[in-house]
Amino acid sequence: MTLLTQDEIAKNLSSLSGWLQEGNQIAKLFQLKDFAEALSFVNKVGAEAEEMNHHPDIFIHSWNKVKITISTHSEGGITKKDFQLAEKIERLK
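Being a predicted model, the structure only gives us computed values, none of them experimental.

One pair of aromatic rings is described through two measures. These are the centre distance and the angle between the planes. With the rule as written, the count across this model stands at two aromatic pairs. Centre to centre, the rings of Trp19 and Phe30 are 6.0 Å apart; their planes meet at 75°, and the pair counts as edge-to-face. Residue Trp19 is found in the loop between helix 1 (6–14) and strand 1 (20–22), and its partner Phe30 is found in strand 2 (residues 25–31); the two are separated by eleven residues along the sequence. A relative accessible area of 3% means that Trp19 is categorised as buried. Of the residues examined, Phe30 reaches a relative accessible area of 3% and is grouped as buried. Seen in terms of ring centroids, Phe30 and Phe41 are 4.8 Å apart; in terms of plane orientation they differ by 50°. Their pairing is tilted. Taken together, the residues Phe30 in strand 2 and Phe41 in helix 2 (residues 35–52) connect sequence positions eleven residues apart. The residues Phe30 and Phe41 share a single accessibility class, namely buried.

Set out below in structure tokens:
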């Protein structure tokens, strides 16, 4: 899998609400209803990641916020696979 150019990253980000580039990864902070919903969301993200064999970093902030960061570590940056996972995560909300 090849790294995306800055133009390709910008184009892909424009189709995803709330996702930002942070260095060599894409990220989004999700605000959920409560802690139980945050945990449920994390489990759903984990299941999608396992299915794709592409694992994001997941951080539970406070009691109802989850930050997801995605990068293709083996390639050292952002690839199309990162956006494919982000799109799947968006459908989980």
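Having seen the structure, we can now continue with the description.
The first and last C-alpha atoms of helix 2 sit 26 Å apart over 18 residues, in line with the 26 Å expected at 1.5 Å per residue. Taken together, the buried positions of helix 2 are occupied by Ala38, Phe41, Val42, Val45, Glu48, Ala49 and Met52. Down the axis of helix 2, the buried side of the element spans an arc of 125°, and every buried residue falls inside it. Those residues of helix 2 that are exposed and aimed more than 90 degrees away from the buried face are Ala36, Asn43, Glu50 and Glu51. Where the residues of helix 2 are buried, they touch strand 2, strand 3 (57–61), strand 4 (65–70) and helix 3 (80–90). The backbone nitrogen of Ala36 has a side-chain oxygen 3.3 Å away, supplied by the residue at the start of helix 2, namely Asp34.

Our focus in this paragraph is the pattern of salt bridges. Enumeration according to the criterion identifies three salt bridges in this entry. Among the salt bridges present, the one from Glu22 reaches Lys67, with a minimum N-O distance of 3.2 Å. Here the residue Glu22 occupies a position in strand 1, and Lys67 occupies one in strand 4, the gap between them amounting to 45 residues. Accessibility expressed as a relative area gives 31% for Glu22, which makes it partly exposed. On the basis of relative accessibility, which here comes to 21%, the residue Lys67 falls in the partly exposed class. The shortest N-O distance in the salt bridge between Lys88 and Glu48 comes to 4.0 Å. Note that Lys88 is positioned in helix 3 and Glu48 in helix 2, a separation of 40 residues in sequence. The exposure class of Lys88 is partly exposed, given its relative accessible area of 24%.

Where strand 2 and strand 4 come together, six bridges link them in antiparallel fashion. Its bridge partner being in strand 4, Phe30 is matched across the sheet by Val66.

Reading guide: rules and limits
- Residues numbered from 1 in each chain as written.
- Predicted model: local features only at pLDDT ≥ 70, side-chain atom pairs only at ≥ 80, totals over all residues.
- Heavy atoms only, no water.
- Phe/Tyr/Trp six-rings, centres within 6.5 Å; stacked < 30°, edge-to-face > 60°.
- Helix = DSSP H or I, 4+ residues; strand = E, 2+ residues; numbered from the N terminus.
- Buried < 20%, exposed > 50% of the residue type's maximum accessible area, 1.4 Å probe, protein only.
- Expected span 1.5 Å × (residues − 1).
- Arc of directions from axis to C-beta.
- Contact = heavy atoms within 4.5 Å.
- Polar contact = N/O pair within 3.5 Å; in protein donor to acceptor, adjacent residues only side chain to side chain.
- Salt bridge = Lys/Arg side-chain N within 4 Å of Asp/Glu carboxyl O.
- Pairing = 2+ DSSP bridges.

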